[in-house]
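# Residue-level structural notes
The residues making up each chain are set out below.
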Amino acid sequence: MASFRTRNGSKNPRRLLALALGLGLASAALGTAGPASAQGTAPAPARSVTAGYVGSAQGTADKAFFDAVLKSVAKRQAGQPSLKAVTVYYNASQAPSFRTQISSAASIWNSSVTNVKLQATSGSGDFNYYEGNDSRGSYASTNGHGSGYIFLDYAQNQQYDSIRVTAHETGHVLGLPDHYSGPCSELMSGGGPGPSCTNRYPNATERSRVNQLWANGLAKALAEVKKAG
């Protein structure tokens, strides 16, 4: 998903330095390297495909991120194809400042949809959360090869409702694209409605779409994994 980006770039020297450093770094891999944590000054690595909270819609990025997570989940569940409940595991250890927001976002999605659940893990996850400073704001990113992560920007999460930002970015994990022109009642409208929008919940259409994707998408992904294996 496109990131939850602020409209005005920060002039904070630390963030400008972080951006410059980030241009030279490689994309992160699931469960391994990723954006710098809160303790570092370096930002997320350069991304191959991204989607964010504020910006122009990037349908390709949205789908690539979902496909990367789906591929990871399918590989893990291939040995237990009879399982009806699909669980997507996430590791939030590299985003300690946003522990509460991430937990709340997961709870929001878990109470909103039935075909997929989000579960925290301290080990290797299907995707990871990171935090730091980045003038591009918060975003979901994938290198298109089965690796993905969500980056939460400090400044943007102070300007916008932080749980909404986190729930929005997590919506990309579950397959939803950005729709910045949508109303505040639409979670995936992201920063489009402005900082005054504090709705943290997906609407009926968004909930239905996620349930549909995980009912049909995982079955197809499992079939592909079996074929390849």
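These notes cover the structure that comes with them. (Residues numbered from 1 in each chain as written. Predicted model: local features only at pLDDT ≥ 70, side-chain atom pairs only at ≥ 80, totals over all residues. Heavy atoms only, no water.)

## Side note on the overall build of the protein
In plain terms, the rule: Secondary structure counts use DSSP, requiring at least four H or I residues in a row for a helix and at least two E residues in a row for a strand, with both numbered from the N terminus. Each residue is assigned to one of three classes by its accessible area relative to the maximum for its type, calculated with a 1.4 Å probe on protein chains only: buried under 20%, partly exposed between the two thresholds, exposed over 50%. Only the protein chains shown count as cover for residues, and all accessible areas are computed by the Shrake-Rupley method using a 1.4 Å probe.
Within the protein, the secondary structure is distributed over 6 helices and 6 strands. When its helices and strands are written in sequence order, the protein yields α-β-α-β-α-β-β-β-β-α-α-α. Per-residue burial over the protein gives 52% buried out of 229 residues. For the protein, the accessible surface area stands at approximately 9,800 Å², while carbon and sulfur atoms represent 52% of it.

## Considerations on the environment of Ala 106
Let me state the cut-off plainly: It only takes one pair of heavy atoms within 4.5 Å for two residues to be counted as in contact.
Assignment of secondary structure puts Ala 106 in helix α3 (residues 99-112). Considered as a pair, Ala 106 and Thr 166 are 60 residues apart in the sequence and their alpha carbons are 9.1 Å apart. Apart from the residues within four sequence positions on either side, Ala 106 is in contact with Tyr 90 and Leu 118.

## Things to note about the packing of aromatic side chains
To keep it simple, the criterion reads: Pairing of aromatic rings covers Phe, Tyr and the six-membered ring of Trp, with a centre-to-centre limit of 6.5 Å; geometry is then stacked below 30 degrees between planes, edge-to-face above 60, and tilted otherwise.
In the structure shown here, the tally under the stated rule is 9 aromatic pairs. On the basis of an interplanar angle of 65° and a centroid distance of 6.3 Å, the ring pair of Tyr 139 and Tyr 149 is categorised as edge-to-face. Taken as a pair, Tyr 139 in strand β5 (residues 139-142) and Tyr 149 in strand β6 (residues 148-153) lie far apart in primary sequence, 10 residues in all. According to the relative accessible area criterion, Tyr 139 is buried, its value standing at 0%. Relative accessible area serves as the criterion here: at 2%, Tyr 149 is assigned to the buried category. Among the aromatic residues, ring-to-ring pairing joins Tyr 130, Tyr 139, Tyr 149 and Phe 151 into one connected group.

## Description of helix α5 (residues 162-173)
Going by this rule: The span you would expect from a helix comes to 1.5 Å times its residue count less one.
Helix length check: α5 (12 residues) gives 17 Å between terminal C-alpha atoms against 16 Å at 1.5 Å per residue, within 8%. Regarding α5, the residues found buried are Ser 162, Ile 163, Arg 164, Val 165, Thr 166, Ala 167, His 168, Glu 169, Thr 170, Gly 171, His 172 and Val 173. Immediately beyond the C-terminal end of α5, within one or two residues, lies Gly 175, with a positive phi of roughly 110°.

## Quick word on the packing of α3 against α5
A pair of packed helices can be characterised by two numbers: the angle between their axes and the separation between those axes. Test applied: For every element, the axis is a line fit to its C-alpha atoms; helices are fit only across the contacting stretch, and the angle between N-to-C directions ranges from 0 to 180 degrees. Our angle categories are set so that under 35 degrees counts as roughly parallel, over 145 as roughly antiparallel, 65 to 115 as roughly perpendicular, and the remainder as oblique. Left-handed is the label given to a crossing in which the near helix is rotated counterclockwise from the far helix by less than a right angle, and right-handed is the label when the rotation is clockwise. The nonpolar class holds Ala, Val, Leu, Ile, Met, Phe, Trp, Tyr, Cys and Pro. Asp, Glu, Lys and Arg form the charged class, and all remaining residues, Gly among them, are polar.
Running from N to C, α3 and α5 cross one another at 55°; their axes reach a closest spacing of 8 Å. With respect to α5, the element α3 is oriented oblique. Handedness of the crossing formed by α3 with α5: right-handed. Here α3 contributes Gln 101, Ile 102, Ser 104, Ala 105, Ile 108 and Trp 109 to the contact with α5, which in turn contributes Ser 162, Ile 163, Thr 166, Ala 167, Thr 170 and Gly 171. The class makeup of the residues in the contact of α3 with α5 is 6 nonpolar, 6 polar and no charged.

## Comments concerning the nonpolar core
Our working definition: Definition of nonpolar core: a set of buried residues of the types Ala, Val, Leu, Ile, Met, Phe, Trp, Tyr and Cys, connected through side-chain atoms within 4.5 Å.
Core analysis: the largest hydrophobic core is formed by 40 residues, its most contacted members being Val 88, Trp 109, Phe 127 and Trp 214. Those elements that provide at least two residues to this core are α2 (59-77), β2 (86-94), α3, β3 (116-120), β4 (127-132), β6, α5 and α6 (204-228).

## Side note on the side chain of Glu 206
The cut-off we apply is this: Just so you know, the count uses Lys and Arg for positive and Asp and Glu for negative, and it drops His and the chain ends. Between Lys or Arg on one side and Asp or Glu on the other, a salt bridge is scored when a side-chain nitrogen of the former is within 4 Å of a carboxyl oxygen of the latter. As used in this structure description, the phrase polar contact means that two N or O atoms lie within 3.5 Å; if the pair is within protein, one of them must be able to donate a hydrogen and the other to accept it, and residues adjacent in sequence are counted only when both atoms belong to side chains.
Its place among the elements puts Glu 206 in helix α6. The charged side chain of Glu 206 is buried without a salt bridge, its nearest counter-charge being Arg 207 at 7.0 Å. A distance of 2.8 Å separates a polar atom in the side chain of Glu 206 from the backbone nitrogen of Asn 203. Filtering out sequence-adjacent residues up to four positions away, Glu 206 remains in contact with Leu 176, Glu 186, Leu 187, Met 188 and Tyr 201.

## Some thoughts on the pattern of salt bridges
Using the criterion set out here, one finds 4 salt bridges in the structure. A salt bridge links Asp 161 to Arg 200; the nearest nitrogen and oxygen atoms lie 2.9 Å apart. In this pair, Asp 161 sits in the loop between α4 (154-159) and α5 while Arg 200 sits in the loop between α5 and α6, placing the two residues 39 residues apart along the sequence. The exposure class assigned to Asp 161 is buried, which follows from its relative accessible area of 14%.

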